[in-house]
Structures are given as C-alpha cells and as structure tokens.
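Residues per chain, in single letters:
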Amino acid sequence: MGNILLLSNGHGEDLSGALIGKALRSLGHQVEALPLVGAGTSYSKEKIKILYKGKEFSTGGLGYTSIKGRLKEIFQGQIIYLINRILRLMTISKKYDLLVIIGDIVPIFASWLTTRPVAAYIVAYSSHYEGQLNLPWPCKEFLQSKRFERIYTRDALTAEDLSKQLKRNVMFLGNPFMDALEKTNTRLPKCSFRIGLIPGSRFPEIEKNLLLMLSVVKILADEMLIHEEVSLDLALVNTLSDSNLHRLVNCLGWRVEKNINTQSTELIKGNCTVSVRRESFGQILHSSDLVLAMAGTATEQAIGLAKPVLQIIGEGPQFTFRFADAQRRLLGPTVFCANGKPGSTKTLEETAQMATSLLKRIKSDVNFQNECNLQAIHRIGKSGGSKRIAESISNYLLKPSR
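Note that the coordinates shown come from a computational prediction; the quantities given were computed from them, not determined experimentally. (Residues numbered from 1 in each chain as written. Predicted model: local features only at pLDDT ≥ 70, side-chain atom pairs only at ≥ 80, totals over all residues. Heavy atoms only, no water.)

1. Regarding the overall build of the chain
Thinking step 1. For the chain, the helix and strand inventory stands at 15 helices and 14 strands.
Thinking step 2. For 402 residues, the compact-globule estimate of 2.2 N^0.38 gives 21 Å, and the C-alpha radius of gyration of the chain, at 22 Å, lies within 12% of that figure.
Thinking step 3. Judged by the C-alpha coordinates and their principal axes, the chain covers about 70 × 45 × 40 Å.
Thinking step 4. In the chain, which comprises 402 residues, the proportion classed as buried is 57%.
Thinking step 5. Here the analysis covers contacts within the chain between residues at least 6 apart in sequence; of these, 68% occur between residues at least 24 apart.
Thinking step 6. In the structure as shown, the chain presents an accessible area of about 17,900 Å², 53% of it carried by carbon and sulfur atoms.
Thinking step 7. Averaging the positions of the 51 positive and the 36 negative side-chain charges in the chain gives two centres separated by 6 Å. (Helix = DSSP H or I, 4+ residues; strand = E, 2+ residues; numbered from the N terminus. Rg over C-alpha atoms; globule rule 2.2 N^0.38 Å. Buried < 20%, exposed > 50% of the residue type's maximum accessible area, 1.4 Å probe, protein only. Contact = heavy atoms within 4.5 Å. Areas by Shrake-Rupley, 256 points an atom, 1.4 Å probe, with all protein chains shown as cover. Lys, Arg positive; Asp, Glu negative; His and termini not counted. Charge placed at Lys NZ, Arg CZ, Asp CG, Glu CD.)

See the structure below:
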C-alpha cells in the first residue's frame, strides 16, 4: 500500500481532501495531510494526521479576490506563512509515494517543486467560467509534466477541455464535497416552503453576511410570510455562540429566544421567526426549497442537490461581487442574484422580491425543477466522487510497472 500526503489550500479544499483521504485509508493506504491555508479542521474530523500546526487568517486564503484582501494577507504574514509551509513540504516529501493535491496553482506549484509523483484534483478552475479554460502561467506546463500521474477536474466540461489542451487524459469522477451530505438521512419538519439561510463559516465575514440575510428575510416576512407557511432555517456554526449572536442581531432589533417546545434557538422580529440550527447543515440543504447563500462550497453543494440558490453580495473577503459573478458562471442558470450596490436598501428589497418570485415559480413551474436536476448533474455530478477518485489513485499506486 502507498504512503500518501494530501496537500490542499482552502476550507472547501480541505473538506474534499479529507473525504478523499478517508476513502484512500479505507483501501489500506497510509494518509497524512498538510493544509496550506487554515487549521485543516476537516482533516481532524476524519482523524487524518496533520503535519505542522496550521494558522487561521482573516481572509481565509481568499485575499486574491480584492486588493484590500491581498494587502491584509501581506500585513498578517500569510505570504511568509505559505512560503514556510512549502519549504517544509520540500524537506519531507521524499518519504511519500504520492502527493495528492486539492486546489489551484499554489499546491500545483508546491508539489512540482518536490519532484515527487502527483495526483491533482483541480477545484479552482472550470471551463464554465469562460467557455474555454485559460490556466494561469505556468500551471499548464506543470500539469503536462510526467510527474502529474493523474488529473481530475470538478466537471465534465473542464475534463474534456483540459484533455484537449494538455493532450493527455483528464478525468471527471465527481466532486468529493457532495459525499459529505450522504450521511444526512433525516429531514427537518415539513412545511409549505423552506428557505435555508447559509451565511458561510468564516469570521468576521459570517457576522456581516448574517446581518444582510436578516435584513432580506424581514422584508420577505412583511411581503409574504403572513400569507404563506414559510419556514426560515439558519445553518450556523458553533463558533458563533448564542451570546455573541444576541449581541450581533440586537443592533437590528432582533431578539434571541429559546423555543419552549423544541428547546431550539430562534431569532424573532415582529412577525418573522428564524430557526437557528447548529450541526444541521446537511439537513437544511436537503430540506430547503430555496437556499439563500453567501458561501462557496455550500452553494455548490446546494446546486448539487438540485436546489435553486439566491445570492446576496457582501463585503467579502469571500462573497464579493467578483466572487458571486464567477460563481453564477460556474454553477449556471439556477443561481440568482439581484443587481445593485451591496447592502443598499434597494438591493435588499430586490433580493426579497426575487425570493418571493422564486418560491412562486417552485410551486407552479414543473420545468424549473427539471432544470435544477439537469444543472445538478451537469455542473456538480453524482455523489461518490471521493470513492471513485481514491480507487483511481489506488490503481495507479498498485500498478506493477510504476
């Protein structure tokens, strides 16, 4: 069996890496991880050994989305941190039979420097963005190297495109992050409609995102909730405690209360009630008719479950206009967004109106659900990607001629 190092550079990438690692371990391989960004929480959850303690930065590795974010990375020392991680990688890489990278040019470059064999799952690039993929220099040259033994993409269109560009076989075997939802068997209580609120998980961005979402749902409540049975369910990370949540939402006139019957936390303002659900992310995605999202991987998972998504553009560092626009091109016509200045009253009102229109469309337009199902397969693919990628990697490692 092989000795494998997982190399990833982002929260979503860590999740996919951990799922691939879990599948590789089930096939008998030894697996360790080196996250280039953040603490690698997903690896810890799967009990995959992390080499060198990681560090969280306020940009979450997404400083490239703006000049302000890039300056933050420099002043916070993230560039130096990354260089140190790569130097450490070069000192330990020889003990591994294969490096499995999940990400973009950063882990591609880092793995190329080691001269070790590489399997690459490229999640940051897609031909859906522009119709034809233009890889950043010198990414294409690295991927053409014989050291890159296996290359996997995030969708079929990109695999076909890159196979032609690189003049080698590039595979699409599914997106491992969909497998994280497989174990979610339970559903939330039934209602006429459910809107899932996904503000993301990064601090301090999650706090700003949540306030924008609450502004939208309050407008939505005034327009529609008194006429329809609509449940509003917020997927919230545990790191935002109830006490901090109270401090945060109180400025907008919301109060935090415990539901006596369900013992759950609720946010209440006027006739609007939002149920706060922790450790229930998968349940909310599975049970929602519409997802209001300001996140990366979570939005992709929603599309993979054939759920229409309504974006709210924020201040970043992740969910900026640029990021949201790229996400719509990546995920297709079942992702919606109101035009206008982020956070303005007009934009929030238009977002609420779009939510109302989408709920009516979900109720009356059968073809709309068919379109969601089609985009789920076309943009994301079927679940089981981590197992299929792991089996492909394992077949390479077990080849007698290797």
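So that's the structure; there's more coming.
2. Topic: empty space enclosed by the protein
Thinking step 1. Per the stated rule, a full pass over the model turns up one cavity of 30 Å³ or more.
Thinking step 2. Considering only enclosed or pocket space, the largest cavity measures out at about 50 Å³ in volume.
Thinking step 3. In terms of residue count, helix H13 (residues 345–364) provides more of the lining of the largest cavity than any other element does, three residues in total.
Thinking step 4. In the lining of the largest cavity, the residues fall into seven nonpolar, four polar and no charged. (1 Å grid on protein atoms, 1.4 Å probe; cavity = no way out; pocket = protein on both sides within 12 Å on 5 of 7 lines; lining within 4 Å. Points joined across faces, edges and corners; volume = space filled by probe spheres on them. Nonpolar A, V, L, I, M, F, W, Y, C, P; charged D, E, K, R; others polar.)

3. Overview of the packing of aromatic side chains
Thinking step 1. This model, assessed by the stated rule, comprises four aromatic pairs.
Thinking step 2. Arranged with centres 5.6 Å apart and planes meeting at 55°, the rings of Phe319 and Phe323 form a pair that is tilted. The exposure classification of Phe319 matches that of Phe323, with both residues buried.
Thinking step 3. Connected via pairs of aromatic rings, a cluster forms that spans Phe109, Trp112 and Phe142.
Thinking step 4. Geometry around Tyr52 places Arg88 over its ring, the cationic atom sitting 4.5 Å from the centre. (Phe/Tyr/Trp six-rings, centres within 6.5 Å; stacked < 30°, edge-to-face > 60°. Lys NZ or Arg CZ within 6 Å of the ring centre and 35° of its normal.)

4. Some thoughts on H13
Thinking step 1. For H13, with 20 residues, the first-to-last C-alpha span of 29 Å sits near the 28 Å given by 1.5 Å per residue.
Thinking step 2. Within H13, the full set of buried residues consists of Thr347, Leu348, Thr351, Ala352, Ala355, Thr356, Leu358 and Leu359. (Expected span 1.5 Å × (residues − 1).)

5. Examining the packing of helix H11 (residues 297–304) against helix H12 (residues 321–331)
Thinking step 1. Remark: H11 packs on H12, axes separated minimally by 11 Å, with the N-to-C direction vectors making an angle of 25°. Considered as vectors, H11 and H12 are oriented roughly parallel to each other. By crossing handedness, the relation of H11 to H12 is classed as right-handed. Contacts between H11 and H12 involve Thr299, Glu300 and Ile303 from the former and Gln327, Leu330 and Leu331 from the latter.
Thinking step 2. In the contact of H11 with H12, the residues fall into three nonpolar, two polar and one charged. (Axes fitted to C-alpha atoms, helices over the stretch in contact; angles between N-to-C directions. Parallel < 35°, antiparallel > 145°, perpendicular 65-115°, else oblique. Left-handed = near helix turned anticlockwise from the far one by under 90°.)

6. So, the sheet that holds strand S3 (residues 49–50)
Thinking step 1. Ordered by their spatial adjacency, six strands build an open sheet running S3-S2-S1-S4-S5-S6, and the pairing between neighbours is parallel. This sheet does not close on itself; its edge strands, each paired only once, are S3 and strand S6 (148–153). (Pairing = 2+ DSSP bridges.)

7. Points about the sheet that holds strand S13 (residues 309–311)
Thinking step 1. The strand order across the open sheet formed by eight strands is S9-S10-S11-S8-S7-S12-S13-S14, and the pairing between neighbours is mixed. Among the strands making up the open sheet, the edge pair consists of strand S9 (255–258) and strand S14 (335–337). The mean angle between the axes of side-by-side strands here comes to 30°, regardless of whether they run parallel or antiparallel.
Thinking step 2. Along the sheet, H11 contacts strand S7 (193–198), strand S12 (290–293), S13 and S14; its crossing angle with S13, the most-contacted strand, is approximately 150°.

8. Digging into the pattern of salt bridges
Any two side chains of opposite charge can pair, so long as their charged atoms come close to each other.
Thinking step 1. Scanning the entire structure with this criterion turns up 17 salt bridges.
Thinking step 2. One connected set of salt bridges, linked through shared partners, spans Glu130, Asp325, Arg328 and Arg329. (Salt bridge = Lys/Arg side-chain N within 4 Å of Asp/Glu carboxyl O.)

9. Re the pairing of strand S2 (residues 30–35)
Thinking step 1. Counted residue by residue, S2 has five buried out of six residues, so it is predominantly covered.
Thinking step 2. Pairing between strand S1 (residues 3–8) and S2: six bridges, direction parallel. Bridge assignment links Leu7 to a residue of S2, and that residue is Leu34.
Thinking step 3. For the handedness criterion, the β-α-β arrangement of S1, helix H1 (residues 11–26) and S2 is classed as right-handed.
Thinking step 4. Across two bridges, the pairing between S2 and S3 is parallel. Its bridge partner being in S3, Ala33 is matched across the sheet by Ile50. (Right-handed = clockwise from strand over helix to strand, strands pointing away.)

10. Considerations on a nonpolar patch on the surface
Thinking step 1. Among the surface-exposed residues, Ile79, Ile80, Ile83, Leu87 and Met90 lie close enough to one another that they form a single nonpolar patch of about 430 Å² accessible area.
Thinking step 2. Take Ile83: it is sitting in helix H4 (residues 78–92). (Patch = residues over 30% accessible without salt bridge, like charges linked within 9 Å, V, L, I, M, F, W, Y side chains within 5 Å.)

11. So, H1
Thinking step 1. The terminal C-alpha atoms of H1 lie 23 Å apart, and with 16 residues this matches the ideal 22 Å at 1.5 Å per residue to within 8%.
Thinking step 2. Among all positions of H1, only Gly12, Glu13, Asp14, Ser16, Gly17, Ala18, Leu19, Ile20, Gly21, Ala23 and Leu24 are buried.
Thinking step 3. One or two steps after H1, the chain reaches Gly28, where phi turns positive at roughly 100°.

12. What to know about unusual backbone geometry
Peptide bonds are, in most cases, trans, and in most cases residues other than glycine have a negative phi.
Thinking step 1. A cis amide bond links Trp137 with the next residue in sequence, Pro138, at an omega value of 0°.
Thinking step 2. Looking at the element boundaries, Pro138 is found in the loop between strand S5 (118–122) and helix H6 (139–143).
Thinking step 3. Here Phe203 and Pro204 are connected by a cis peptide whose omega angle stands at 0°.
Thinking step 4. For Pro204, the position within the fold is in the loop between S7 and helix H8 (205–225).
Thinking step 5. Of note, the phi angle at Thr115 is positive, near 70°, even though the residue is not glycine.
Thinking step 6. Relative to the elements of secondary structure, Thr115 occurs in the loop between helix H5 (105–114) and S5.

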